[in-house]
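Take a look at the letters that make up each chain.
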Amino acid sequence: MNTTAPLLVLIAGPYRSGTDGDPAAIARNLERLEEAAAPLHRLGHVPMIGEWVALPTLRGLTDAEAAESDVMYDTAARLLQHCDAVLRLPGESAGADTDVRIARERGIPVYFSIEEVPAA
């Protein structure tokens, strides 16, 4: 039986953190974030990762526009105006911690494991 309507769930966790800018390490972090997408989908929800939106946005900005703000953080903050929940994955990440803070300020649920997320 469905316990809730489908949620738009922001998956938050390390992306650049702990990588020293190494593209392979960043790619591995994105893969870890993406590994949470299918389980959320199976629960009936819509997974969202800020980098899915921020990376194409960055490619479309001029260097001056990109330098004006941190597009990654800005995108996540904007997405959180539309998300219904956050799934915070393990690992040190200032950005993910900010996502959790914003979610709590908005009063939306923050889950720390896929097992905590109710099925839709």
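In the block above lies the structure referred to throughout.
Structural notes, computed from the coordinates. Quick caveat, the model's predicted, so the values are computed rather than measured. (Residues numbered from 1 in each chain as written. Predicted model: local features only at pLDDT ≥ 70, side-chain atom pairs only at ≥ 80, totals over all residues. Heavy atoms only, no water.)

Some words on the overall build of the chain
Right, on to step 1. Counting its secondary structure elements, the chain contains six helices and four strands.
Right, on to step 2. In the chain, which comprises 120 residues, the share counted as buried stands at 40%.
Right, on to step 3. Once local pairs closer than 6 in sequence are excluded, the contacts in the chain between residues at least 24 apart make up 65%.
Right, on to step 4. Accessible surface, the chain as shown: approximately 6,900 Å² in total, 54% of it carbon and sulfur.
Right, on to step 5. Taking the average location of the 10 positive side-chain charges in the chain and that of its 18 negative ones, the two points are 3 Å from each other. (Helix = DSSP H or I, 4+ residues; strand = E, 2+ residues; numbered from the N terminus. Buried < 20%, exposed > 50% of the residue type's maximum accessible area, 1.4 Å probe, protein only. Contact = heavy atoms within 4.5 Å. Areas by Shrake-Rupley, 256 points an atom, 1.4 Å probe, with all protein chains shown as cover. Lys, Arg positive; Asp, Glu negative; His and termini not counted. Charge placed at Lys NZ, Arg CZ, Asp CG, Glu CD.)

As for the side chain of Ser93
Right, on to step 1. Of note, Ser93 is situated in the loop between strand 3 (85-88) and helix 6 (94-106).
Right, on to step 2. Filtering out sequence-adjacent residues up to four positions away, Ser93 remains in contact with Gly13, Pro14, Ser17 and Arg88.

Things to note about the packing of aromatic side chains
Within a pair of aromatic rings, the relevant descriptors are the distance that separates the centres and the angle that separates the planes.
Right, on to step 1. Per the counting criterion, the structure on display carries zero aromatic pairs.
Right, on to step 2. Here the guanidinium or amino end of Arg16 rests over the ring plane of Tyr73, the centre of that ring lying 5.9 Å away. (Phe/Tyr/Trp six-rings, centres within 6.5 Å; stacked < 30°, edge-to-face > 60°. Lys NZ or Arg CZ within 6 Å of the ring centre and 35° of its normal.)

A few points about the nonpolar core
Right, on to step 1. Among the nonpolar cores identified, the biggest contains 19 residues, and Val9, Ile11, Tyr15, Leu33, Leu40, Leu87 and Leu89 are the most heavily contacted of them.
Right, on to step 2. Looking at this core, the elements that each hand over two or more residues are strand 1 (8-12), helix 1 (23-35), helix 2 (37-42), helix 5 (71-79) and strand 3.
Right, on to step 3. It is helix 1 that provides the largest number of residues to this core, a total of three residues.
Right, on to step 4. Dropping the residues within four chain positions of it, Tyr15 is found in contact with Ile26, Asn29, Leu30, Leu33, Glu51, Leu55 and Met72.
Right, on to step 5. Formed by 13 residues, the second largest nonpolar core is a distinct cluster that contains Leu79, Cys83, Val86 and Ala96. (Core = buried A, V, L, I, M, F, W, Y, C linked by side-chain atoms within 4.5 Å.)

Here's the deal with the sheet that holds strand 2 (residues 46-48)
Right, on to step 1. In spatial order, the strands read 2-1-3-4; together these four strands make up an open sheet with parallel pairing. The sheet terminates laterally at strand 2 and strand 4 (110-111), the two strands that pair on one side only.
Right, on to step 2. Bridging between strand 3 and strand 4 involves two bridges; their strand directions are parallel. Note on strand 4: the bridge partner recorded for Val86 is Val110. (Pairing = 2+ DSSP bridges.)

Quick notes on the pairing of strand 3
Right, on to step 1. Residues Ala85 and Leu87 point to one face of strand 3 and Val86 and Arg88 to the other, with burial holding for every one of them.
Right, on to step 2. Considered for its hand, the β-α-β crossover made up of strand 3, helix 6 and strand 4 is right-handed. (Right-handed = clockwise from strand over helix to strand, strands pointing away.)

Some details on the pairing of strand 1
Right, on to step 1. In terms of burial, strand 1 is a largely internal element, four of the five residues being buried.
Right, on to step 2. Across three bridges, the pairing between strand 1 and strand 2 is parallel. Pairing of Leu10 across the sheet is with Met48, part of strand 2.
Right, on to step 3. Two strands pair when backbone bridges link them, and strand 1 and strand 3 are joined in this way by four bridges, in the parallel orientation. Within strand 3, the residue paired with Leu10 across the bridge is Val86.

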